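Residues per chain are reported as follows:
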Amino acid sequence: MLKVKSFFLGLLLCSASQVTQAQLMKAKEIYNKADSLRGELTPLRTCYDVQYYHLDVKVDIDQKFISGSNLFKFQAVERFNKLQFDLFDNLSVDKVEYRGKDLPFSREYNAVFVEFPDFIEKGKIDSFKVYYSGHPIQATRAPWDGGFDWKKDSNGKPWVATACQGLGASVWWPNKDHQSDEANSMLISIAVPKGVMNVSNGRLVKTESLKDGYTKYHWRVENPINNYNVALNIGDYTHFKETYAGEKGPLSLDYYVLKENASKIDHLKKNANETLKAFEHWFGPYPFYEDGYKLVETAHLGMEHQSAVAYGNKYQNGYLGNDGSRTGWGMKWDFIVVHESGHEWFGNNITAKDLGDMWIHESFTNYSEALFIDFFYGKEASQAYVNGNRRGIQNDLPIQGPYNVNKEGSGDMYNKGGVLHNMIRTMIDNDETWLRLLRGINKEFYHKTVDYNDILNYMSKESGINLAKTFEQYVQRTSIPTLEVIQNSPGVFMVRWISEVKGFDMPVHIFDKDGKRMLIKPTENFKIMRLEGLTKENFKVDTFNYYIGTSIQ
């Protein structure tokens, strides 16, 4: 998802061992029990691994009321007789059913604790069903705040969607609400009043007419899916479909747009096909061929709902008609189609285990915008775009958030994260290696959850560069390093990094007397470098691609 950034005219806004002590202290000081219950993996959550959900919900649009059930099919990771699932406390848990009988349960904030009559043995496959109802939280500014977005189209027909990244999927349906546990597959059954339809993730397998004037749409998801990606979209939609010739064979493309916008479908088709072409080149095959690829029109701007990408950019290029980089390159494609589709690889295929590592999703996806530009317009254009996006960086907080309290890091995870990946590509200075790394990371972590160390270790190994200090600086700190250069005499310099990271040692490119780029490897201690033909007046650092400060004396 794209967060609001100040530079867009007011619109755009490590593992546990890697988290600094300062972050841990801050978490203890600020976050409460409710945050920990939602964010921490306690034994009551790690004792079971979700295999399958069947979410079955009726949506009363007039009353803004939902009711239904969710079946949890799980495997016991440990022997247990008590577990936790999650559901916001404004929604009622009507009963928890196990083998035909009601189970006792208790609630604390948004956590629900269930006790079983007997121990469930390690390795056993079992299930229980939660019945629930209530008025879900209404999003006032979707997708940046979570919940239901109750809107109407220009013809007065209901137009309803869910968006809940960050806040949590338990804002509207009961589940084990932690990013580390994805259901392997899912059935989503949504009943809506006749006259509108529901579009959810995966493929439509059945439509069922109910006696009460409702129609139930059953959507089957074959691939692992993260809870916050599960979505419903209710509207007076018309359906277009086509087939894309992808790396793994035919891929179905489906478009659900309001009937009033049917004439604009060519815009979506063009952008979707171009996006898939570019990203299958850079990242490898689309990760969800079994579930297809859909764009679903929403009243809110957009979200990366797996295999059912929410789209609300009003059929125009740029981000609501703007280009945050101010280079012009951002106006040549539809930002929401490209960015939210990029999340199919980074966020949906590769998912951060903890919300504190959401920078993994957003940094790569921000950089995917530049790679889209690179594919169609060239590398120089993509680098200009990344450089232009720096204007939005605030350097207010680390882009990694604290673990175990359901808290993401700074919004800089977008633009600063994209800058980080562009710097790593520049350090590698071999685009075949860079392409192999990007495709490899999607293959290595295919349909998996990851953390800070997984990404750091993989990128260090495949790049041949120890990136530990670079990641610590740009992911876990707020400042940027300064390259200090002191001339001893013409052609002889002392060079070092000034950084709050102990032992900082990032490679960086400078230019020789003929303007040719050359890689140097400064450390935190001064190194004597002999650079014939250079003086402090003509000593030039590649600050276009490296987001650093310089001090040349």
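Here the structure is a predicted model, which is why all the values come from computation and not from measurement.

## Side note on the sheet that holds strand β23 (residues 482-489)
Right, on to step 1. The sheet built from four strands is open, its strands ordered β27-β24-β23-β29 with mixed pairing. Edge positions in the sheet fall to β27 (527-530) and β29 (549-552), since each of these pairs with one other strand and no more. Averaged over all pairs of adjacent strands, the angle between their axes in this sheet comes to 25 degrees, without regard to strand direction.
Right, on to step 2. Of the strand pairs in this sheet, strand β24 (residues 492-498) and β27 are connected by four bridges, and their pairing is antiparallel. The residue of β27 that forms the bridge with Phe493 is Met529.

## Digging into the UniProt feature "domain: Peptidase M1 membrane alanine aminopeptidase" (unreviewed entry) in the chain
Right, on to step 1. When the UniProt feature table is mapped onto this chain, "domain: Peptidase M1 membrane alanine aminopeptidase" (unreviewed entry) is found at residues 327-474.
Right, on to step 2. With 57% helix and 4% strand, residues 327-474 has end C-alpha atoms that lie 24 Å from one another.

## Here's the deal with the pattern of salt bridges
A side chain with one charge may pair with a side chain of the opposite charge, provided their charged atoms come close.
Right, on to step 1. Enumeration over the complete set of coordinates arrives at 25 salt bridges.
Right, on to step 2. When the shortest N-O distance is used, the salt bridge between Arg79 and Glu121 registers 3.0 Å. Taken as a pair, Arg79 in the loop between β2 (65-76) and β3 (80-86) and Glu121 in the loop between β7 (111-120) and β8 (125-134) lie far apart in primary sequence, 42 residues in all.
Right, on to step 3. In this structure, the salt-bridge partner of Arg220 is Glu222, at a minimum N-O distance of 3.4 Å.
Right, on to step 4. For Glu222, a relative accessible area of 43% puts it in the partly exposed group.

## Side note on the nonpolar core
Right, on to step 1. Core analysis: the biggest nonpolar cluster contains 91 residues, and Trp434, Ile455, Met459 and Phe471 have the highest contact counts within it.
Right, on to step 2. In contact with Met459, not counting residues within four places along its chain, are Phe364, His421, Ile424, Trp434, Leu437, Ile441, Leu467 and Phe471.
Right, on to step 3. Judged by nonpolar contacts, the second largest core, of 63 residues, contains Cys47, Leu87, Ile188 and Tyr217.

## Describing the UniProt feature "domain: Aminopeptidase N-like N-terminal" (unreviewed entry) in the chain
Right, on to step 1. As recorded in UniProt, the feature "domain: Aminopeptidase N-like N-terminal" (unreviewed entry) lies at residues 51-226.
Right, on to step 2. For residues 51-226, the end-to-end C-alpha separation is 12 Å, with 0% helix and 58% strand making up the annotated structure.

## Remarks on the sheet that holds strand β12 (residues 197-200)
Right, on to step 1. Spatial strand order, β9-β10-β15-β12: four strands in an open sheet with antiparallel pairing. For this open sheet the edge positions go to β9 (147-152) and β12, each flanked by a neighbour on one side alone. Adjacent strand axes in the sheet meet at a mean angle of 20 degrees, parallel and antiparallel pairs treated alike.
Right, on to step 2. Alignment of β12 against strand β15 (residues 232-235), held across four bridges, turns out to be antiparallel. Along β15, the bridge assignment pairs Val199 with Asn233.

## Brief notes about the confidence of the model for the chain
Right, on to step 1. Of all residues in the chain, 95% attain a pLDDT of 70 or more, and the chain-wide mean is 94.
Right, on to step 2. Here residues 4-29 is a poorly scored stretch, pLDDT under 50, and it has 58 contacts once near neighbours within four places are set aside; other chains count.

## Details of the packing of aromatic side chains
Right, on to step 1. For the structure shown, the criterion picks out 40 aromatic pairs.
Right, on to step 2. Where Phe80 meets Phe116, the ring centres are 5.9 Å apart and the plane angle is 80 degrees; that geometry is what we call edge-to-face. A residue pair is termed long-range when its members are at least 10 positions apart, and Phe80 in strand β3 and Phe116 in strand β7 qualify at 36 residues.
Right, on to step 3. The ring of Phe119 is capped by Arg79, whose NZ or CZ atom sits 4.0 Å from the centre of that ring.
Right, on to step 4. The cationic tip of Lys540 hangs over the ring face of Phe511; the distance from NZ or CZ to the ring centre is 5.2 Å.

## Describing unusual backbone geometry
Right, on to step 1. The linkage connecting Ala142 with the following residue, Pro143, adopts the cis geometry, with an omega of 5 degrees.
Right, on to step 2. Here Pro143 lies in the loop between β8 and β9.
Right, on to step 3. Notably, Arg326 is not glycine yet its phi reads approximately 60 degrees, a positive angle.
Right, on to step 4. Residue placement: Arg326 occurs in the loop between β20 (309-311) and α6 (335-342).
Right, on to step 5. Even without a glycine there, the phi angle at Asn404 is positive, about 75 degrees.
Right, on to step 6. Structurally, Asn404 can be placed in the loop between α8 (379-389) and α9 (415-428).

## Overview of the pairing of β2
Right, on to step 1. Relative to β2, strand β1 (residues 48-60) is paired through 12 bridges, and the arrangement is antiparallel. By the bridge assignment for β2, Tyr53 is matched with Phe72.
Right, on to step 2. Connecting β1 to the antiparallel partner β2 that follows it, the hairpin turn spans four residues, and Lys64 within it adopts a positive phi of roughly 50 degrees.
Right, on to step 3. Sheet analysis places β2 next to β8, joined by 10 bridges and oriented antiparallel. Pairing of Gln75 across the sheet is with Ile125, part of β8.

Analysis parameters
- Residues numbered from 1 in each chain as written.
- Predicted model: local features only at pLDDT ≥ 70, side-chain atom pairs only at ≥ 80, totals over all residues.
- Heavy atoms only, no water.
- Pairing = 2+ DSSP bridges.
- Helix = DSSP H or I, 4+ residues; strand = E, 2+ residues; numbered from the N terminus.
- Axes fitted to C-alpha atoms, helices over the stretch in contact; angles between N-to-C directions.
- UniProt positions renumbered as here; feature names shortened; annotations may be inferred.
- Salt bridge = Lys/Arg side-chain N within 4 Å of Asp/Glu carboxyl O.
- Buried < 20%, exposed > 50% of the residue type's maximum accessible area, 1.4 Å probe, protein only.
- Core = buried A, V, L, I, M, F, W, Y, C linked by side-chain atoms within 4.5 Å.
- Contact = heavy atoms within 4.5 Å.
- pLDDT = per-residue confidence, 0-100.
- Phe/Tyr/Trp six-rings, centres within 6.5 Å; stacked < 30°, edge-to-face > 60°.
- Lys NZ or Arg CZ within 6 Å of the ring centre and 35° of its normal.

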